[in-house]
Amino acid sequence: MPDDLIPAGDQINVRDALAARLRQLNEKELDSLTEVVFDELELRCGSKLADMLTPDEFEEFGLLVDAGDEEAASALMDRAIPNQREIVIATVTELLDETVERVRAADEGRYEC
């Protein structure tokens, strides 16, 4: 994925990435697809990162999230999984590639669920 889609603030602009690669989509389609991709991304990244935590870290993370302490939860993840940003970027790249391929295949009438 091009670096300009991953600004310094660690925000990955999924919508822009989809728009750049799927120019045939209108705004409504793009918004809908972006929402689906974000939902799947949250699931995939959450599962991958959770699997890398120890049971104690996982429990602590859950307590911090439930308490609304995002800063402490983020610090725990930074400490427990120092390469989490790379994992997320790889997961986003993989999901974007899959999504683009499925949309293109559907456009060509060759996609099967």
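J.: Looking at this structure, how should I read the packing of helix H1 (residues 14-21) against helix H2 (residues 27-52)?
T.: How two helices pack is summed up by the angle between their axes together with the distance between the axes. It is the contact of H1 with H2, at a shortest axis distance of 9 Å, that shows an interaxial angle of 125°. Comparing the axis directions of H1 and H2 gives the class oblique. Along this stretch, H1 crosses H2, giving a crossing that reads as right-handed. The residues of H2 that touch H1, namely those facing Val14, Arg15, Leu18 and Ala19, are Glu27, Leu30, Asp31, Leu33, Thr34, Val37, Phe38 and Leu41. Of the residues belonging to the contact of H1 with H2, the class tally is eight nonpolar, one polar and three charged.

J.: Can you walk me through the packing of H2 against helix H5 (residues 84-107) in this structure?
T.: Across the interface, H2 lies against H5 with an axial gap of 10 Å and an inter-helix angle of 140°. Regarding the angle of H2 to H5, the classification is oblique. Our pair here, H2 against H5, has a crossing hand that is right-handed. Contacts between H2 and H5 involve Leu33, Val37, Glu40, Leu41, Arg44, Cys45, Lys48, Leu49 and Met52 on the former and, on the latter, Gln84, Ile87, Val88, Thr91, Val92, Glu94, Leu95, Glu98, Thr99 and Val103.

J.: I would appreciate a short explanation of the pattern of salt bridges in the present structure.
T.: Once their charged atoms are close, side chains differing in charge can pair, the charge on each being opposite to the other. Throughout the structure, instances matching the rule amount to six salt bridges. The residue arginine 44 makes a salt bridge to glutamate 40 at a minimum N-O spacing of 2.8 Å. Placement of the pair is arginine 44 and glutamate 40 together in helix H2, with a separation of four residues, close to one helical turn. Beyond isolated ion pairs, a larger network of salt bridges with shared partners links Glu40, Arg44, Glu94 and Glu98.

J.: When you look at H2 in this model, what are you seeing that I'm missing?
T.: Residues three or four positions apart in an α-helix share a direction because the helix packs 3.6 residues into each turn. Here H2 contains 26 residues, and its C-alpha end-to-end distance of 37 Å stays within 8% of the 38 Å for a straight helix at 1.5 Å per residue. By the burial criterion, the buried members of H2 are Leu30, Leu33, Thr34, Val37, Leu41, Arg44, Cys45 and Leu49. Along its buried surface, H2 packs onto H1, helix H4 (70-80) and H5. Capping of H2 at its N-terminal end is provided by asparagine 26; its side-chain oxygen lies 3.0 Å from the backbone amide nitrogen of lysine 28.

J.: Could you clarify how one ought to interpret the side chain of threonine 99 in this entry?
T.: Among the structural elements, threonine 99 can be located in helix H5. Threonine 99 gets classed as buried once you look at its relative accessible area, which sits at 10%. Only 2.8 Å separates the side chain of threonine 99 from the backbone oxygen of leucine 95, close enough to count as a polar contact.

J.: Can you walk me through the confidence of the model for the protein chain in this structure?
T.: Chain-level statistics for the protein chain give a pLDDT mean of 88 and a share of 87% at 70 or above. Counting interchain partners and residues more than four positions distant, the pLDDT-below-50 stretch residues 1-9 has 16 contacts.

J.: Any chance you could explain H1 here in plain terms?
T.: Regarding H1, the residues found buried are Val14, Ala17 and Leu18. Around the axis of H1, the buried residues are gathered within 95° of arc, so they sit on the same side. Elements in contact with the buried residues of H1: H2 and H5.

Criteria and cut-off values
- Residue positions within a chain follow its written sequence, with the count starting from 1.
- In keeping with the predicted nature of the model, local features appear solely for residues at pLDDT of at least 70, side-chain atom pairs appear and are counted solely at 80 or more, and the whole-chain, interface and lining totals rest on all residues.
- Hydrogens and water are ignored here; the side-chain numbers use all heavy atoms of the structure.
- Only the stretch in contact is used when fitting a helix axis, every axis being a line fitted to C-alpha atoms; angles between N-to-C directions are given from 0 to 180 degrees.
- Strands here are runs of E lasting at least two residues and helices are runs of H or I lasting at least four, both read from the DSSP assignment and numbered beginning at the N terminus.
- An angle below 35 degrees is treated as roughly parallel, one above 145 as roughly antiparallel, one from 65 to 115 as roughly perpendicular, and anything else as oblique.
- Each crossing gets its handedness from the near helix: less than a right angle anticlockwise from the far helix is left-handed, clockwise is right-handed.
- By the convention used here, residues are in contact when the closest approach between their heavy atoms is within 4.5 Å.
- We call Asp, Glu, Lys and Arg charged. Ala, Val, Leu, Ile, Met, Phe, Trp, Tyr, Cys and Pro are nonpolar, and the rest, Gly among them, are polar.
- By salt bridge we mean one thing: a side-chain nitrogen of Lys or Arg within 4 Å of a carboxyl oxygen of Asp or Glu.
- By definition here, a helix of n residues has an expected span of 1.5 Å times n minus one.
- Three exposure classes are used, based on accessible area relative to the maximum for each residue type with a 1.4 Å probe and protein chains only: buried under 20%, partly exposed in between, and exposed over 50%.
- Nitrogen and oxygen atoms within 3.5 Å of one another constitute a polar contact, given that in protein one can donate a hydrogen and the other can accept it, and given that sequence-neighbouring residues count only through two side-chain atoms.
- Scored from 0 to 100, pLDDT records how confident the predictor is in each individual residue.
- Think of the arc as the fan of directions from the helix axis to the C-beta atoms.

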